[in-house]
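# Structural overview
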Amino acid sequence: MSTQPSTTDYVFSSRGSLVGAQMLFVAFGALVLVPLLTGLDPNVALFTAGVGTLIFQFVTKRMVPIFLASSFAFIAPIIHGVSAWGIPGTMCGLVAAGFFYVALSICIKTFGAGFLNKLLPPVVVGPVIMVIGLVLAPVAVHMAMGRTGDGSAWLVPQKTAMIVAGVALLVTVLTSILGKGWLRLIPILIGITAGYLAALILDATGVSASIQAGFDPGSLKNFTGPAMVSFQPLLDAPWFAMPQFVLPEWNLEAIIFIVPVAIAPAIEHFGDILAIGTVTGKDFIKNPGIHRTMLGDGIATAFASLLGGPPNTTYSEVTGAVTLTRMFNPGIMTWAAIFAITLAFIGKMGALLQTIPVPVMGGIMLLLFGAITVVGLNTLVKAGEDLTEARNLTIVALILVCGIGGMVLPFGAFTLGGIGLAGVIGVVLNLILPGKR
């Protein structure tokens, strides 16, 4: 007879709360990284991650021990969308992405899970994931060198920025490779902390001021200062405050651009559910069913976007923590969600995160966006397809060149380009090109 406590027991136990807090700690670095990179409110991301996880638990009958939080796959379209249409318009496209998941869940329920593999095979999904990572490469380089994401202005002198970015990157890499136990699960959080401490040391020793005094910005705008970190926003922020929720505004162009991006995380969702099923020894594909998990993910994403938060996705980091602790009860994720919602109303939390210097995030992004590209490449490798075969070569080549090259197709009042266009091209070519010889 099983000795594993029931989900309800975990929700009302001190042990469950402690483990749940650890699970949130594992997810925290990645959770807040997305809003920090895209200009969204970290406190909103915390709130929508917590509520999204509770929504997922309700839809899946509280059977799957998994945590939902900010999706890396949407970083590029959010950055583009915020600059092109503002946060409200971008949120409209992200809400539509959530409804895309809901539509997929209905199709899976109706036709079975196999149809998705036929519609979105690795030869389509792999290159699309690669495009997501590669189009962000210039943003990562600009921020690591101390510039704004578009490279139009200096925020930190280049020499200082490269030192801080290098520390953040090196510590993240070493932690992911050499870290043991819990440390290996939070390399991003440790890397950000190391970079932040490096910036504080450079400020305290006067190195930042010395480099800034002799810095030549060239033809770019110069917003550099003698110190990288200012705690004034932290001092001014209240202890308790409402997150800065933002409601979406209708924008068809944003919908057309962002929805195809949801193809990649939809496929990734399958992998995450299979992974947590392998860890726990249960077949979540059948019970509660992949259609339910996809539906929960979609509703959580739509809810997050309705309030101005980043789209949600199932977190592999938390699955790793579940593997390490052998705590399989979904009740611990209820506690993680409760803690995330509580932190969302602490005003000084968001203010503290906003004090992190841009080069720290740039150093993390260098690795992160490259890793996204490698995930796409690995998708192709694992599929074992012959990429020199004419059909596969055509699909992969056009997805990569059109997506990375920035091709844009005008359709009346709106345009389709970048990642969105790459995704559409891949799906259409896969459907219309003749089969392999």
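Everything here concerns the structure above.
Because the structure is predicted, anything quoted here is derived from the model rather than measured. (Residues numbered from 1 in each chain as written. Predicted model: local features only at pLDDT ≥ 70, side-chain atom pairs only at ≥ 80, totals over all residues. Heavy atoms only, no water.)

Going from N287 to P288, the amide bond is cis rather than trans, its omega being 15 degrees. With respect to the secondary-structure elements, P288 resides in helix α14 (residues 285–306). Even without being a glycine, K61 presents a positive backbone phi close to 60 degrees. Non-glycine residue R62 carries a positive phi angle of around 50 degrees. Here R62 is to be found in the loop between α3 (42–59) and β1 (68–70). (Helix = DSSP H or I, 4+ residues; strand = E, 2+ residues; numbered from the N terminus.)

Take a probe with the size of a water molecule and roll it over the atoms, and the empty space left behind shows itself. Estimated volume of the second largest pocket: approximately 1,000 Å³. Every residue lining the second largest pocket is counted, 47 residues in all, and those nearest its centre are L37, I79, V139, G149 and D150. Top element by residues in the lining of the second largest pocket is helix α4 (residues 75–111). It accounts for eight residues. Looking at the lining of the second largest pocket residue by residue, the classes come out as 28 nonpolar, 16 polar and three charged. (1 Å grid on protein atoms, 1.4 Å probe; cavity = no way out; pocket = protein on both sides within 12 Å on 5 of 7 lines; lining within 4 Å. Points joined across faces, edges and corners; volume = space filled by probe spheres on them. Nonpolar A, V, L, I, M, F, W, Y, C, P; charged D, E, K, R; others polar.)

What follows covers the packing of helix α19 (residues 390–405) against helix α20 (residues 418–432). α20 packs onto α19 with a crossing angle of 165 degrees between their chain directions and a minimal axis gap of 8 Å. For the element pair α19 / α20, the angle class is roughly antiparallel. Between α19 and α20 lies a crossing of right-handed hand. Counting all contacts with α19, which are made through R391, T394, I395, L398, I399, C402 and G403, the residues of α20 involved are G418, A422, I425, G426, L429 and N430. Along the lines of polarity and charge, the residues of the contact of α19 with α20 split into seven nonpolar, five polar and one charged. (Axes fitted to C-alpha atoms, helices over the stretch in contact; angles between N-to-C directions. Parallel < 35°, antiparallel > 145°, perpendicular 65-115°, else oblique. Left-handed = near helix turned anticlockwise from the far one by under 90°. Contact = heavy atoms within 4.5 Å.)

Attention shifts here to the nonpolar core. Taken as a class, soluble globular proteins show a tendency for nonpolar side chains to be buried jointly. L31, F67, F72 and F74 are the most contacted members of the largest nonpolar core, which totals 116 residues. The element contributing the most residues to this core is helix α2 (residues 14–38), with 13 residues. (Core = buried A, V, L, I, M, F, W, Y, C linked by side-chain atoms within 4.5 Å. Buried < 20%, exposed > 50% of the residue type's maximum accessible area, 1.4 Å probe, protein only.)

Note that T319 resides in helix α15 (residues 316–325). If we ignore the near neighbours within four places in the chain, the residues touching T319 are I66, A275, I276 and V279.

Right, let's talk about the packing of aromatic side chains for a bit. With the rule as written, the count across this model stands at five aromatic pairs. Ring centres of W154 and F215 lie 5.1 Å apart, and the angle between their planes is 85 degrees; on these two criteria the pair is classed as edge-to-face. In this pair, W154 is assigned in strand β2 (residues 153–154) and F215 in the loop between α10 (207–213) and β3 (221–222), connecting sequence segments 61 residues apart. One exposure class covers both W154 and F215, and it is buried. What links up through ring pairs into an aromatic cluster is the set F47, F245 and F345. Seen from the ring of W154, R147 lies directly overhead, with NZ or CZ sitting 5.2 Å from the centre. Taking NZ or CZ as reference, K348 lies 5.4 Å from the ring centre of W239, over its face. (Phe/Tyr/Trp six-rings, centres within 6.5 Å; stacked < 30°, edge-to-face > 60°. Lys NZ or Arg CZ within 6 Å of the ring centre and 35° of its normal.)

Structural measurements only, silent on function.
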